[in-house]
Amino acid sequence: MDDFRDKLRANLDVVEKRITNACARAGRKRSEVTLVAVTKTITPGIAALLPELGVLDLGENRPQELWRKAAILPNNVHWHLIGHLQRNKVEKTLPLVHLIHSIDNARLLRSLEQEDRSTDVLLEVNVSGESSKQGFAPTEVMQLVPILRELKQVHIRGLMTMAPLQNAEACRPTFAGLRHLRDRLREQGLTAIEHLSMGMSNDFEVAIEEGATFVRLGSVLFEGVS
Ligand SMILES: *Cc1c(COP(=O)(O)O)cnc(C)c1O
């Protein structure tokens, strides 16, 4: 475990420098970007090293795995759900999550609105238009504006996207597209929509240059750790 801890600490140092440099290039403050460590490929035992090393924002793409790890890890962890949430898993998931990044359909939004608690969420947007990707088309999001305005229990805090699996520079238009969509929603008076969850191991620096406030990183953190 000590070897794993040292390797993880070294990886975190490298990632931290890369985030800091990307912020500097973009004239942004480091504090504007939150690193979400995506723990889907690692065991709960290794994931538990993260809060010890000061990383308190952890992400899982499957609700069941989030439940499993949340039951084991300390409760100062902020859990981020970054994958599809089935409506039959809403009740069990909501008390555990800090932020759901992956609201990808209007029925799910309605289910969350009916729950007896308030929930912070991001809308997942398929900016690149690939048929394999989940999420709303940008035009669908604009059509949802009247519905978004009426929500009471669901707080839409921003947007999330997955870039195409290409080199980082090729992802830049996708990230810029998400930022433009956010700005259009804000012009419509939806000023609570501020966050942009975008950027993974292959492309997070470009995402930060384009305005990411959450980067979701897995493989770059856990290379050599598991
Ligand atoms: C797995 C995953 C990530 C992390 O991907 P890496 O390329 O390993 O950094 C980010 N976002 C989502 C939605 C994921 O499923």
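Residues numbered from 1 in each chain as written. Predicted model: local features only at pLDDT ≥ 70, side-chain atom pairs only at ≥ 80, totals over all residues. Heavy atoms only, no water.

Re helix 4 (residues 63-72)
Then comes step 1: Listed in full, the buried residues belonging to helix 4 are Pro63, Glu65, Leu66, Trp67, Lys69 and Ala70.
Then comes step 2: Next to the buried residues of helix 4 lie helix 2 (44-47), strand 2 (57-60), strand 3 (78-81), helix 5 (90-93) and strand 4 (97-103). (Buried < 20%, exposed > 50% of the residue type's maximum accessible area, 1.4 Å probe, protein only. Helix = DSSP H or I, 4+ residues; strand = E, 2+ residues; numbered from the N terminus. Contact = heavy atoms within 4.5 Å.)

Focus: the pattern of salt bridges
Then comes step 1: All chains considered together, the criterion is met by 17 salt bridges.
Then comes step 2: With a closest N to O distance of 2.7 Å, glutamate 16 and arginine 30 form a salt bridge. Of this pair, glutamate 16 sits in helix 1 (residues 2-25) while arginine 30 sits in the loop between helix 1 and strand 1 (34-38); the two residues are 14 residues apart in sequence, bridging distant segments of the chain.
Then comes step 3: Taking the relative accessible area as the measure of exposure, arginine 30 reaches 27% and is therefore partly exposed.
Then comes step 4: With a shortest N-O distance of 2.5 Å, glutamate 169 and arginine 172 are connected by a salt bridge.
Then comes step 5: When salt bridges that share partners are traced, they join Arg25, Glu169, Arg172, Arg179, Glu209 and Glu210 into one network. (Salt bridge = Lys/Arg side-chain N within 4 Å of Asp/Glu carboxyl O.)

A look at the pairing of strand 1
Then comes step 1: When you tally the buried positions in strand 1, you get 4 out of 5 residues, the bulk of the element.
Then comes step 2: The pairing of strand 1 with strand 8 (residues 214-217) spans 4 bridges and is parallel. Looking at strand 8, one finds that valine 36 is bridged to arginine 216.
Then comes step 3: Relative to strand 2, strand 1 is paired through 2 bridges, and the arrangement is parallel. Paired with valine 38 across the bridge in strand 2 is glycine 59. (Pairing = 2+ DSSP bridges.)

Let's talk about the state of the cysteines
Then comes step 1: Tallied over the entire structure, the rule returns 0 disulfides.
Then comes step 2: Among the cysteines around cysteine 23, which has no disulfide bond, cysteine 171 carries the closest sulfur, lying 18 Å off.
Then comes step 3: According to the relative accessible area criterion, cysteine 23 is buried, its value standing at 1%.
Then comes step 4: For cysteine 171, a relative accessible area of 0% translates into the label buried. (Disulfide = S-S within 2.5 Å.)

Some points on the site of the ligand
Then comes step 1: All residues adjacent to the ligand are Val38, Lys40, Asn61, Ile82, Met162, Met200, Ser201, Arg216, Leu217, Gly218 and Ser219.
Then comes step 2: In the environment of the ligand, an oxygen atom lies 2.5 Å from a nitrogen or oxygen atom belonging to the side chain of serine 201.
Then comes step 3: In this structure, arginine 216 approaches the ligand through a side-chain N or O atom, which is 2.9 Å from a nitrogen atom.
Then comes step 4: Its free accessible area being 390 Å², the ligand has 87% of it covered by the protein chains. (Near = heavy atom within 4 Å. Polar contact = N/O pair within 3.5 Å; in protein donor to acceptor, adjacent residues only side chain to side chain. Areas by Shrake-Rupley, 256 points an atom, 1.4 Å probe, with all protein chains shown as cover.)

Details of helix 9 (residues 172-187)
Note: α-helices contain 3.6 residues per turn, so residues at a spacing of three or four share the same orientation.
Then comes step 1: With 16 residues, helix 9 should cover 22 Å at 1.5 Å per step; its first-to-last C-alpha distance of 23 Å lies within 8% of that length.
Then comes step 2: Taken together, the buried positions of helix 9 are Thr174, Phe175, Ala176, Leu178, Leu181, Arg182 and Leu185.
Then comes step 3: As for helix 9, its buried residues are in contact with helix 7 (138-143), helix 8 (145-150), strand 6 (154-160), strand 7 (195-197) and helix 10 (204-209).
Then comes step 4: Phi for glycine 189, located one or two positions after helix 9, is positive at around 95 degrees. (Expected span 1.5 Å × (residues − 1).)

Overview of the pairing of strand 4
Then comes step 1: The buried count for strand 4 comes to 6 of 7 residues, which makes it a mostly enclosed element.
Then comes step 2: Note that strand 3 and strand 4 share 3 bridges and pair parallel. Across the sheet, the residue bridging to tryptophan 79 is valine 97, located in strand 4.
Then comes step 3: For strand 4 and strand 5 (residues 119-124), the ladder comprises 2 bridges, and the chain directions are parallel. Bridge pairing in strand 5 places isoleucine 100 opposite valine 121.
Then comes step 4: A crossover connection joins strand 4 to the parallel strand 5 through helix 6 (residues 106-114); in handedness this β-α-β unit is right-handed. (Right-handed = clockwise from strand over helix to strand, strands pointing away.)

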